[in-house]
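One-letter residues, chain by chain:
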Amino acid sequence: TGVAGFTAFLPKSASVGVLLEGQSIQTVVKERSGVALVLQQLSQKKLAKTKTSAVLRFQALQAGMLVDGVVDRVVSNGLVLSSILGAFSGVISETHLDYPGSRDQWTEVFRVGMRLTARILYVDSQKSTLVLTRRRHLLEMTSFKPDEIPELRVGCFVEDAEALVVIPGVGALFGQEIFTENGDHDDENIEQKAKEPAMPSTLGYFVHISQLKDGFVESAEKEVKVGDTRRLRVTGAIYNEGWAAASLQESVMSATVLRYEDCKVGMAVEGTILKLDDYGILVSCGHKVRGIVTNLHLSDVPVRRANPMRFRVGSQVRARILMVDEKARKLQLTMKQSLVKVEDSELITSYDQCEAGKVATGFVSRVADAGVTVTFFGNVHGFISARRLQRGDDDGSPADMYKAGQILRVAVLALKRGEGRPRL
C-alpha cells in the first residue's frame, strides 16, 4: 500500500532482500490481473542515491523522489526550501529533519542559502508545494529497525529525555542524544555528515497526548513544556517517522508486561480489575494487555460468579498466566492462590517438563469414573487413574472425592511416547 485506494501484490520472486512491515519500497507495475496490480521491486541501493534532476511539471512530481533544494527561510516549525528542480518550493517540518532536535539546535545548523538533499514525502496539490523529509531512514530508503537499538526496545526505560516539540492536541516529541563510549556523538553516516550540515545524532520518542499521564489529559501544553526532561518507557514503534512510541503514565512505568509477546506461561503478573461479568473478570495486566479470569479460577474454591463486594473494579490483583495466544491477543489468568503462590520449581508449563518424579501443582479439569484429568499451565494435561486416587479405606468414586477446579499437588509417574499426557 502507499497510494490511497490502491493495493498491489509483490511476489516473493520479484522482491529484493528481506522486507519488514512498515518499510518503504520502490516498485514498478509489472502486470495487471483484473483489478489487482502485480509489482516488481527495484534495487533500493540504486534508488536511494538516484536524484530527480530533470525539470518537470508540478503534476509530474511524486512522493519518494530524491531532490535538491536551497534553504529559503528558517521558520518557527521547520525549513522552507526553494529552487527544487529549478522551479518548485517545499517545506521540511521540524519533526522531519535529520534527527529530532530542539529549535535552538536546528536553527544553528541550517542557514538560509544552504543547499540540501531531501525526499518528497507527499505532494500538496492544493497549496502547490512539496512536503519533504530528511529523516535518515527515509532519505536512504532503509527500514527503521528499533529492535536493533537497545534504547528503542519495548519496555526500555529512558532517563532524562528532553521535550523537543509539543504539538497541541497531539502529544510531545522527546529526544535523547546518542554518544559513543569515548563521549563523541554517534553518527554512522560520516560521508554524508562531511558533505552537508548535520544535527547531533538523537533518538526520538513520541508520547501521544493520551500517554502523558493516567486519566484525562486536557492539554499537552499544560503537561509538558519544551526543554522539560522526563523519564519515559518505550511502548512501541512509529515506523514511518523512525521514532519509538513512549509513555509517561505511572501505570505503564510500573507494568510487568507491555505486549502480549512479553507474556510467558506461568509468569506472575499484577493487574487492575476492569470489568465483572457472568464469565468472570477482565484484568488489565499492562499497556494494552488484558486477561480473563474465569469463575473457575477466581479462588481455590470455585465460585459461580464474581462477588462484586470482593472483586471491585479498579482494585489491584495478583495472578499467574495460564495460557497466552500472541496472535489472537488473548490471555487467560488464574487467581487461585495455591497456583499464584506456588514455587517456580513446582510449575509445569510444557510437556517437556513432565519428567518422572516431578512434583507439581495443578487443578482438576475433568472427573470421570476412570479417574481425573489434572491441568497445569500452558494447557498441559495429566491423568490420575481411579486406583491411584483412593485414600485409605475410602472406596468412593472419583466424582465423590473430587470436583472441577480443585487444587491437587501431584507427582509425575511417567510420560510414554505417543500417550500425549503424563500419568500422575
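Residues numbered from 1 in each chain as written. Predicted model: local features only at pLDDT ≥ 70, side-chain atom pairs only at ≥ 80, totals over all residues. Heavy atoms only, no water.

Let's talk about the overall build of the protein chain
Here's step 1: Along its length, the protein chain carries nine helices and 22 strands.
Here's step 2: With 424 residues in all, the protein chain has 42% of them scored as buried.
Here's step 3: Put simply, 61% of the contacts in the protein chain that link residues at least 6 apart link residues at least 24 apart.
Here's step 4: Of the roughly 23,200 Å² that the protein chain leaves accessible, carbon and sulfur atoms contribute 50%. (Helix = DSSP H or I, 4+ residues; strand = E, 2+ residues; numbered from the N terminus. Buried < 20%, exposed > 50% of the residue type's maximum accessible area, 1.4 Å probe, protein only. Contact = heavy atoms within 4.5 Å. Areas by Shrake-Rupley, 256 points an atom, 1.4 Å probe, with all protein chains shown as cover.)

Re the side chain of D124
Here's step 1: When you line up the elements, D124 lands in strand β7 (residues 115–124).
Here's step 2: Buried within the structure, D124 lacks any salt-bridge partner; K127 is the closest side chain of opposite charge, at an N-O distance of 4.6 Å.
Here's step 3: Among the polar contacts made by the side chain of D124, one reaches the main-chain amide nitrogen of Q126 at a distance of 3.3 Å.
Here's step 4: If we ignore the near neighbours within four places in the chain, the residues touching D124 are F58 and T129. (Lys, Arg positive; Asp, Glu negative; His and termini not counted. Salt bridge = Lys/Arg side-chain N within 4 Å of Asp/Glu carboxyl O. Polar contact = N/O pair within 3.5 Å; in protein donor to acceptor, adjacent residues only side chain to side chain.)

As for the pattern of salt bridges
Here's step 1: Overall, the coordinates contain 14 salt bridges when judged by the stated rule.
Here's step 2: Members of the salt-bridge network, linked through shared partners, are D98, R134 and R136.

Thoughts on empty space enclosed by the protein
Here's step 1: Counted according to the given criterion, the structure contains two cavities of 30 Å³ or more.
Here's step 2: Empty space within the largest cavity amounts to approximately 40 Å³.
Here's step 3: Surrounding the largest cavity, G22, Q23, S24, H137, L138, T142, S143, F144, Y239 and N240 form its lining. (1 Å grid on protein atoms, 1.4 Å probe; cavity = no way out; pocket = protein on both sides within 12 Å on 5 of 7 lines; lining within 4 Å. Points joined across faces, edges and corners; volume = space filled by probe spheres on them.)

Describing the sheet that holds strand β12 (residues 229–238)
Here's step 1: Read around the closed barrel, the five strands follow the order β9-β10-β11-β13-β12; overall the barrel is mixed. Neighbour-to-neighbour, the strand axes of this sheet turn through a mean angle of 50°, independent of strand direction.
Here's step 2: Relative to strand β13 (residues 243–247), strand β11 (residues 202–208) is paired through three bridges, and the arrangement is parallel. In the strand pairing of β13, F206 is matched with A245. (Pairing = 2+ DSSP bridges. Axes fitted to C-alpha atoms, helices over the stretch in contact; angles between N-to-C directions.)

Thoughts on unusual backbone geometry
Working note: non-glycine residues mostly have negative phi, and peptide bonds are mostly trans.
Here's step 1: Not every positive phi belongs to a glycine, and M141 is a case in point at roughly 55°.
Here's step 2: Positioned with a positive phi, D160 is a non-glycine residue whose angle comes to about 55°.
Here's step 3: In this fold, D160 is placed in strand β9 (residues 157–167).
Here's step 4: Judged by its relative accessible area of 57%, D160 is exposed.

Points about the nonpolar core
Here's step 1: Counting 22 residues, the largest nonpolar core has F174, Y205, V207, L212, V224, L232 and L248 as the members making the most contacts within it.
Here's step 2: Mapped by element, the contributors of at least two residues to this core are β9, β10 (171–177), β11, β12 and β13.
Here's step 3: Considering every element that reaches this core, the biggest residue donor is β9, with four residues.
Here's step 4: Residues within four places of V207 in sequence aside, it is in contact with V170, G171, A172, F174, L212, L232, A246, S247 and L248.
Here's step 5: In this structure, V71, L85, L97 and A118 belong to the second largest nonpolar core, which totals 21 residues. (Core = buried A, V, L, I, M, F, W, Y, C linked by side-chain atoms within 4.5 Å.)

A word on the packing of aromatic side chains
Here's step 1: Under the criterion given, the structure shown has three aromatic pairs.
Here's step 2: With a centroid separation of 5.9 Å and 25° between ring planes, the pair formed by F206 and W243 is classed as stacked. Remark: W243 occurs in strand β13 and F206 occurs in strand β11; sequence separation between them is 37 residues. The exposure classification of F206 matches that of W243, with both residues buried. (Phe/Tyr/Trp six-rings, centres within 6.5 Å; stacked < 30°, edge-to-face > 60°.)

Looking at the pairing of strand β19 (residues 359–368)
Here's step 1: Note that β19 and strand β22 (residues 407–411) share five bridges and pair antiparallel. Bridge assignment links T361 to a residue of β22, and that residue is R409.
Here's step 2: As defined by bridge partners, β19 adjoins strand β20 (residues 371–375) across five bridges and the pair is classed as antiparallel. Each residue of the ladder has a partner; that of R366, found in β20, is T373.
Here's step 3: In this antiparallel pair of consecutive strands, β19 and β20, the connection spans two residues.

What to know about the sheet that holds strand β8 (residues 129–133)
Here's step 1: In spatial order, the strands read β4-β5-β6-β8-β7; together these five strands close into a barrel with mixed pairing. Put simply, the sheet's adjacent strands are angled 50° from each other on average, direction ignored.
Here's step 2: By the bridge criterion, five bridges tie strand β4 (residues 66–75) to β7 in an arrangement that is antiparallel. From the neighbouring strand, V67 faces β7, where its bridge partner is A118.

Thoughts on the pairing of strand β6 (residues 88–93)
Here's step 1: The alternating pattern of β6 places F88, G90 and I92 on a buried face, while none of S89, V91 and S93, on the opposite face, is buried.
Here's step 2: Looking at chain direction, strand β5 (residues 78–84) and β6 are connected through five bridges and run antiparallel. In the strand pairing of β6, G78 is matched with S93.
Here's step 3: Once β5 ends, the chain turns through three residues before running back antiparallel as β6, passing L85 with a positive phi of about 55°.
Here's step 4: Relative to β8, β6 runs parallel, the two being bridged by two bridges. Its bridge partner being in β8, V91 is matched across the sheet by V131.

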